[in-house]
Amino acid sequence: MKNTEILTKLNLEQKCALLSGAGTFTTRGYQKAGVPAITLSDGPNGVRKQAGAADHLGLNPSVPATCFPTAATVACSWDPALGEEIGRAMGEEAAAQEVSVLLGPGLNTKRSPLCGRNFEYFSEDPYLSGKMAAAYVRGIQSEGIAACPKHFAANSQELRRMASDSVLDERTLRELYLTGFEIVVKESAPKTIMSSYNLVNGTYANENAHLLQEILREAWGFAGAVVTDWGGSNDHALGVKNGSTLEMPAPGGDAVRELLAAVQSGKISEADVDARLDELLTLVLDTSAAVQKHSRSFDADAHHALARRAAAESTVLLQNDGILPLAADTKVAILGDFAETPRYQGAGSSAVNSLKVDTVLENLAQSGLQVLGFAPGFDRRGMADAAKEAEAVALAKQADVAVLFLGLDEIKESEGLDRSDMKLADNQIALLKAVQQANPNTVVVLNAGSSLETPWLTHCRAVVYGALGGQAGAGAVLDVLTGKLNPCGKLAETWANRYEDTPAKDNFAGAGRTVQYREGLYVGYRYYQTAGVPVAFPFGHGLSYTNFAYSDLKASAEGVTLTVTNTGDRAGAEIVQLYVAKPDAKIFRPAQELKGFAKVPLRPGESRTVVIPLDDKAFRYWNTQTDRWEIEGGQYELRVGASCADIRLTAAVEVAGTDAPDPYAGKTLPHYKTGSVQNVPDAEWETLLGHAIPQDTIKIDRNMTLGELNHSRSPLGWLIWAVLTALLNASYKKGKPDLNILFQYNMPLRALAKMTGGAISMGMVDGLVMELQGFWIIGLVRVIYEAVKNQILNAQMERRLRGA
Ligand code: BGC
């Protein structure tokens, strides 16, 4: 224990109290024992410190801060050094605002393009996600404060996010959903980590001994504090026993009494409480000292410039027949609502109150283009508007080139809400077609935080993907259009042709609480390439205004060396990707997997030797029989390419194996052998899982979500459900997500006791559950009795704690 001196000054109640928050974003402190309170703030693409009324959904305003491009955007730079710079700048702003823990980065693996929070996450590939996230953490923590990588783990959808159970086989869990976190923990030593809301194989992530103790703490050596997601604690005592340190936000006295009772009954020991408190005290003392020393100001202009550079380095040129870059003085028509009102970040807890926001319209003067005019062209919320369309078409006719700013509107991508499809709004596609008829020289700029279906590609000559570029993204896109900057970003997720082609289509955000990860290892390019499904734009794809040649590959099991040459007449940077394949594998595996990459800046004509090392993750697979990482021995192909589908050089290397038994011997797994996992039969999925598919029944219990109340046995439940559903539908119509309603809809009843600052106790929730089960009178009496008890006990406890 590092903090024995403080621990000995605290009684058990005080210790238990410290293990949950005091306010929405603050911890409890004890002056007398020398324990300061600290502040935790979102988030992943800029600081969201709420100085006034606080909430965890991005509803109330926060202190202005730099809004950097979101993780999904910066992942396209494939540049950890850039990630580290962004992390450092965010850490600096956080410490300047006296924030001890910055709640990010988010690095969940993008299982489906429809996850509403994909814009907050890096990639469908855990290696790329892990490397980028580790860089952010190093940057943030270089300012002395803590980063909080999230959400650990297997948290890939928003629907029922606080009560859904991610059911997946151990190998998939380890290789796809944990490897990114393993990289972060081992390569950047985060001081905290956030456990996710969901259950993993039947146990809440926040009280999951397998995840938190066996893997995170014992196998990876994580020594920091595990922080619950906001309202994500289910059984606080089990959390503490199994490795979760701090319950957030402010569950009140009930959570303290829960821990006390658990120690008294022997459910957990005082040593468990001490171990967690020691982790928390280390975090609190360490970060508050750093915050105290830190300057209270930062260079906002420098951070704006960094945000712009980050957006530029992350912009992906998806398609170009040579129309780009636009020469100076090209007569352009600027079309599309997004040129005037940019879509530059996502909605929810990550939303930053930006210091300033650049728009394309305001930046045109510096672009060197001759601008004929601007027309919004379409209604942002998808309504047909013939007049707007006609105005845009008329303008397009007069121009040399029509530049059309299209994208997803605010309601499409938000925390708390998964997308319902991968489509661009019909009215935007209609505008594109009409504009292209008027002027074939049509260029599209896209702003969206995740992949889209692109059946409209033939209607434009070039597509620039600016993703969600942060507060300075507009200038970056213009620099790319005009060639002031040569685009070098590459996609960090596959763009499928159609949603129906995606591997998890039938098991993503389904009807029940159980989410079946039936597709196993075959997520993103791992699926498309193994099953031979064509895509619109492959993982790793991105064009440049110059060309690169690859030569002289030398390979060994330790890595590759090659030469990359810029054969064009412009400076540019190439992202070289290294994939590992084992075509003769006995243990089934994806056709190839990313295991290294390097970004290489090159002047025209310049050649460079590029070294891409391989690490311990290059050849390993998780063996469910030996319960450890193993290596299948034999020959592997090392493939070096400009995308996963554009392999330029290949070499074979011999790798020594670990001679482990085949965990799949004698098992029938044809779909997993071929990667055709869209229709895995129940029996085969159960064979992979190693047990029966868990039953998915709606239970009227503490974990029933408000969105499930129509299944309760009480008119009160039906009424709440009807009101919530009506409010939800009304908010969809308004075109802006109502995060409060969304949160409540997906919220389990127990969260009432976790998110109300102590006003509601778990006993009251249990009374409500009785009510919903149909025991109206006993339920009501219990609620009233528990409410009175809660008030009295809370007041007594706060008095005792204040006296401390
Ligand atoms: C989100 C977290 C966030 C927290 C605090 C939760 O709803 O899932 O990512 O850090 O709120 O705002």
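Because the structure is predicted, anything quoted here is derived from the model rather than measured.

(A) Inspection of the layout of surface pockets at higher detail. Estimates place the volume of the largest pocket at around 530 Å³. Lining the largest pocket are 22 residues, with Gly346, Ala347, Ala351, Glu410 and Lys736 positioned closest to its centre. Considering only residue class, the lining of the largest pocket consists of nine nonpolar, eight polar and five charged. Shared between two domains, the lining of the largest pocket holds at least three residues of each, these being domain 2 (307-493) and domain 4 (706-802).

(B) Highlighting the environment of threonine 27. Note on placement: threonine 27 falls in the loop between helix H2 (12-18) and strand E1 (40-41). For threonine 27, a relative accessible area of 3% translates into the label buried. Through-space distance from the C-alpha of threonine 27 to that of threonine 245 is 12 Å; in sequence the pair is 218 residues apart. With sequence-adjacent residues up to four places away left out, threonine 27 is seen in contact with Gly21, Ala22, Pro36, Ala37, Ile38, Leu40 and Leu246. Within the structure, the side chain of threonine 27 is placed 2.9 Å from the backbone nitrogen of isoleucine 38, a separation counted as a polar contact.

(C) Structural view of the nonpolar core. Counting residues in hydrophobic clusters, the biggest one holds 67 residues, and the most contacted among them are Phe152, Leu216 and Leu594. Mapped onto this core, the elements with two or more residues apiece are helix H3 (71-74), helix H4 (80-96), helix H5 (126-141), helix H6 (170-188), helix H7 (209-219), helix H11 (300-314), strand E20 (572-581) and strand E21 (593-602). At eight residues, the largest contribution of residues to this core is made by H6. Contacts of phenylalanine 152, omitting those with residues within four sequence positions, involve Leu178, Phe181, Ile193, Met194, Ser195, Ser196, Ala205, Leu211, Leu212, Leu216 and Trp220. Counting 65 residues, the second-largest nonpolar core is a separate cluster that includes Ile6, Leu742, Ala751 and Val769.

(D) Region of interest: the packing of aromatic side chains. For the structure on display, the rule yields 18 aromatic pairs. Seen from their ring centres, tryptophan 495 and phenylalanine 537 are 6.2 Å apart, and the 75 degrees between their planes marks the pair as edge-to-face. Of this pair, tryptophan 495 sits in strand E15 (residues 495-496) while phenylalanine 537 sits in strand E17 (residues 535-537), and the two are 42 residues apart along the sequence. Grouped by ring-pair contacts, the aromatic residues Trp78, Tyr127, Tyr525, Phe539, Tyr579 and Phe597 constitute a single cluster. The positively charged end of arginine 111 is found above the aromatic ring belonging to tyrosine 517, 4.0 Å away from the centroid. A cation over a ring is seen here: lysine 582 above tyrosine 636, with NZ or CZ 4.8 Å from the ring centre.

Reading the values: the criteria
- Residues numbered from 1 in each chain as written.
- Predicted model: local features only at pLDDT ≥ 70, side-chain atom pairs only at ≥ 80, totals over all residues.
- Heavy atoms only, no water.
- 1 Å grid on protein atoms, 1.4 Å probe; cavity = no way out; pocket = protein on both sides within 12 Å on 5 of 7 lines; lining within 4 Å.
- Points joined across faces, edges and corners; volume = space filled by probe spheres on them.
- Nonpolar A, V, L, I, M, F, W, Y, C, P; charged D, E, K, R; others polar.
- Domains from an automatic or database assignment.
- Helix = DSSP H or I, 4+ residues; strand = E, 2+ residues; numbered from the N terminus.
- Buried < 20%, exposed > 50% of the residue type's maximum accessible area, 1.4 Å probe, protein only.
- Contact = heavy atoms within 4.5 Å.
- Polar contact = N/O pair within 3.5 Å; in protein donor to acceptor, adjacent residues only side chain to side chain.
- Core = buried A, V, L, I, M, F, W, Y, C linked by side-chain atoms within 4.5 Å.
- Phe/Tyr/Trp six-rings, centres within 6.5 Å; stacked < 30°, edge-to-face > 60°.
- Lys NZ or Arg CZ within 6 Å of the ring centre and 35° of its normal.

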